[in-house]
Amino acid sequence: MSAEASVGGHAADSAQSAVSQPACHNTDEHRNQGLLGSKYVKLNVGGSLHYTTVQTLSKEDSLLRSICNGGTDVTIDSEGWVVLDRCGRHFGLVLNFLRDGSVPLPEDHRELDEVLKEAQYYRVQGLVQHCLSAMQKQKDVFESVCRIPMITSAKEEQKMIATCRKPVVKLQNNRGNNKYSYTSNSDDNLLKNIELFDKLVLRFNGRVLFVKDVLGDEICCWSFYGEGRKIAEVCCTSIVYATEKKQTKVEFPEARIFEETLNILIYENGRGSGPGGLHLLDSRGSGSSLGAGQSEEEGAVGGDRRVRRIHVRRHIMHDERGHGQQTVYKD
């Protein structure tokens, strides 16, 4: 009786083992055979579901082709979904590249880098090259885009100008630093100076460092630096002595500002270093003629090096002298 029970128990264990063994064998078969014999594929990539064909996945010699032909083990769940342990955010983009051969890439640099990482993981070399080319184009564009550092002190500004290898153009613009009223055209001219500064930034971006100082003592003054020192200065403000009260006048010497900006390019990448460059900038040529209402002063700085200072002359519209002195000065 006990022998029969033992035989019966052994048979039951064998039956149970025979039932469970094929299930495990089928799972291993799925893992080893991959997707052989299939036409359509259901992919579960980190919870993102995609339905495609073996033909699409096999277009490039990639990890996805290896999954399709059984070269790489895959896990298939009970519903037939191939489970890939990756983030599925950009997997649709990978599939579209395999379908079409090209795909629009995200403009955000961080997202583009994420796409590149996914392309490298799946070994889709065409998409990898596509991403690298897009990143190089972004790098070229970023290098030419205007960068605006925030300077919070005069010491920082001086350090930046002294250490910069490029020539520097600085506009001091502080409309609030005025104890007098402005003349009728001063607001327009002040705005024109600011607009010219923006145009020069776009025109000479990458070749000249442009600095806008909104907290300086000057209302409107242009300064031009080369090799860390000031080369020229164009002051656009003056005091007008009207009949009743003093007024501040803002000029717009556009031609002179543009000329000094062109002159400062001699110091680009240190090309102005040496006697030739200094002599060319410090000497007055035929093109350095002053406009009406301007005067030029030179002050010695560091030996023979001088700073050309161009200021608008003071306008005297009525007699400020004492009784008996009737001289009137006008520009």
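Quick note: structure is the one above.
Everything numeric in this text was worked out from a predicted model, so none of it was measured.

Novice: Please provide a residue-by-residue account of the nonpolar core, values included.
Specialist: One finds Leu 64, Leu 105, Tyr 122 and Leu 127 to be the most contacted residues of the largest nonpolar core, which totals 31 residues. Counting only elements with at least two residues in this core, the list comes to β1 (40-45), α2 (54-57), α3 (63-68), β4 (82-84), α4 (91-100), α5 (109-122) and α6 (125-144). In this structure Tyr 122 touches Val 45, Ser 62, Leu 63, Leu 64, Leu 84, Arg 86 and Phe 91, once residues within four positions along its chain are discounted. In this structure, Val 208, Cys 220, Ile 231 and Ala 232 belong to the second largest nonpolar core, which totals 24 residues.

Novice: Could you give an account of the pattern of salt bridges, naming the residues involved and the relevant values?
Specialist: Applying the stated rule across the entire model yields eleven salt bridges. With a shortest N-O distance of 3.3 Å, Lys 249 and Glu 251 are connected by a salt bridge. Taken together, the shared-partner salt bridges in this structure form one network comprising Arg 89, Glu 111 and Glu 114.

Novice: Give a description of the sheet that holds strand β3 (residues 75-76) that names residues and reports values.
Specialist: Taken together, four strands build an open sheet; the order of strands is β2-β1-β4-β3 and the sheet is mixed. Edge positions in the sheet fall to β2 (48-53) and β3, since each of these pairs with one other strand and no more. As judged from the three bridges shared by β1 and β4, these two strands associate in the parallel manner. Paired with Asn 44 across the strands is Val 83, a residue of β4.

Novice: Could you give me a rundown of the packing of aromatic side chains, with the residues and numbers involved?
Specialist: Tallying each qualifying case throughout the model produces six aromatic pairs. Relative to Tyr 51, the ring of Tyr 40 lies with its centre 5.9 Å away and its plane at 10°, an arrangement referred to as stacked. A residue pair is termed long-range when its members are at least 10 positions apart, and Tyr 40 in strand β1 and Tyr 51 in strand β2 qualify at eleven residues. Residue classification places Tyr 40 among the partly exposed residues on the basis of a relative accessible area of 47%. Counting every residue linked through ring pairs, the aromatic cluster contains Phe 91, Tyr 121 and Tyr 122. Directly above the aromatic system of Tyr 121 lies the positively charged group of Arg 86, at a separation of 3.9 Å from the ring centroid.

Novice: So what's going on with the packing of helix α8 (residues 186-203) against helix α9 (residues 254-264)? Residues and values would help.
Specialist: The geometry of α8 relative to α9 is characterised by a closest axis approach of 11 Å and an angle of 30° between their N-to-C directions. Classed by the angle they form, the pair α8 and α9 counts as roughly parallel. Once α8 is placed against α9, the crossing between them reads as right-handed. Between α8, through Asn 193, Leu 196 and Leu 200, and α9, the contact on the second element is made entirely by Glu 254, Ile 257, Phe 258 and Thr 261. For the contact of α8 with α9, the residue count by class is four nonpolar, two polar and one charged.

Novice: Could you give an account of the pairing of strand β9 (residues 229-235), naming the residues involved and the relevant values?
Specialist: Along any regular strand the residues' side chains alternate between the sheet's two faces. Extensive coverage of β9 is indicated by the burial of six of its seven residues. Pairing analysis gives six bridges linking strand β8 (residues 220-226) to β9, with the strands arranged antiparallel. Bridge assignment links Tyr 225 to a residue of β9, and that residue is Lys 230. Counted along the chain from β8 to the antiparallel partner β9, the turn is two residues long, and its residue Glu 227 has a positive phi close to 55°.

Cut-offs used in this document
- Residues numbered from 1 in each chain as written.
- Predicted model: local features only at pLDDT ≥ 70, side-chain atom pairs only at ≥ 80, totals over all residues.
- Heavy atoms only, no water.
- Core = buried A, V, L, I, M, F, W, Y, C linked by side-chain atoms within 4.5 Å.
- Buried < 20%, exposed > 50% of the residue type's maximum accessible area, 1.4 Å probe, protein only.
- Helix = DSSP H or I, 4+ residues; strand = E, 2+ residues; numbered from the N terminus.
- Contact = heavy atoms within 4.5 Å.
- Salt bridge = Lys/Arg side-chain N within 4 Å of Asp/Glu carboxyl O.
- Pairing = 2+ DSSP bridges.
- Phe/Tyr/Trp six-rings, centres within 6.5 Å; stacked < 30°, edge-to-face > 60°.
- Lys NZ or Arg CZ within 6 Å of the ring centre and 35° of its normal.
- Axes fitted to C-alpha atoms, helices over the stretch in contact; angles between N-to-C directions.
- Parallel < 35°, antiparallel > 145°, perpendicular 65-115°, else oblique.
- Left-handed = near helix turned anticlockwise from the far one by under 90°.
- Nonpolar A, V, L, I, M, F, W, Y, C, P; charged D, E, K, R; others polar.

Treat this as a map of the structure, not an account of what it does.
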